[in-house]
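# Secondary and tertiary structure notes
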Amino acid sequence: MRRRPEADEAENYKAWYDDAIVAANEAGYGPCTAADAIRGLAEEVAHYKKLAEEGTAPLLKSMKFENGEFDMSVTGPIVEVMAMAFVGQFKAGGSVNYMEMNLYDRDEPFQRYAVTVQKVGAKSPADLVNEARARIAELEAQLASA
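Small disclaimer: the values here were computed from a predicted structure and weren't measured.

## Re the pattern of salt bridges
Under the counting rule described, the total for this entry stands at two salt bridges. Among the salt bridges present, the one from lysine 123 reaches glutamate 131, with a minimum N-O distance of 2.8 Å. Across the salt bridge formed by glutamate 138 and arginine 135, the nearest N and O atoms sit 2.6 Å from each other. Residue glutamate 138 and its partner arginine 135 are both found in helix α4 (residues 125–145); the two are separated by three residues, about one turn of the helix. For arginine 135, a relative accessible area of 41% translates into the label partly exposed.

Given below as structure tokens:
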């Protein structure tokens, strides 16, 4: 729920119902009423609760930040499915070095994020940019000396 501190409880509950209706309609439950939206969200909660009980939800194995690098390890069937989806998309899209996917925030200010999947041992976007900059500098130097 998008809780607004300046709003009273009634306004915040109305915003919550509005958000629930929008979420339910976007998830394919709609068009629907607030009661339908709440029922749909309850079904989603039950679904994720079942995943947790079955052990199919992702499990965080480790997370650390060292030497300016972030490392996180997760496990579980859903993680394997996502990994295989990334690899499949990488191959199907004809990617050689890397591919980028956009993620969109569901809350204001609705920012966009890019997830980069890079083949190990291949050149990253930063590697390619640095090579291009070096080549431009080399050509500019040759042009200046000519």
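## Concerning the side chain of serine 124
Residue placement: serine 124 occurs in the loop between β4 (112–118) and α4. Classification of serine 124 by relative accessible area gives buried; the value is 12%. When near neighbours in sequence (up to four residues on either side) are disregarded, serine 124 contacts Tyr98 and Gln118.

Calculation criteria
- Each chain has its residues counted from 1, following the order in which its sequence is written.
- Residues qualify for local features only when their pLDDT is at least 70, as the model is predicted, and side-chain atom pairs are given and counted only at 80 or more; totals for whole chains, interfaces and linings, by contrast, use all residues.
- Calculated side-chain values reflect all of the structure's heavy atoms, with hydrogen atoms and water omitted.
- Salt bridges are defined by distance alone: a side-chain nitrogen of Lys or Arg within 4 Å of a carboxyl oxygen of Asp or Glu.
- Helical segments are the DSSP runs of H or I of at least four residues, strand segments are the runs of E of at least two, and each set is numbered from the N terminus.
- Any residue under 20% of the maximum accessible area for its type is buried, any over 50% is exposed, and the rest in between are partly exposed; the area is computed with a 1.4 Å probe on protein chains only.
- Two residues qualify as a contact provided that any one of their heavy atoms is within 4.5 Å of a heavy atom in the partner residue.

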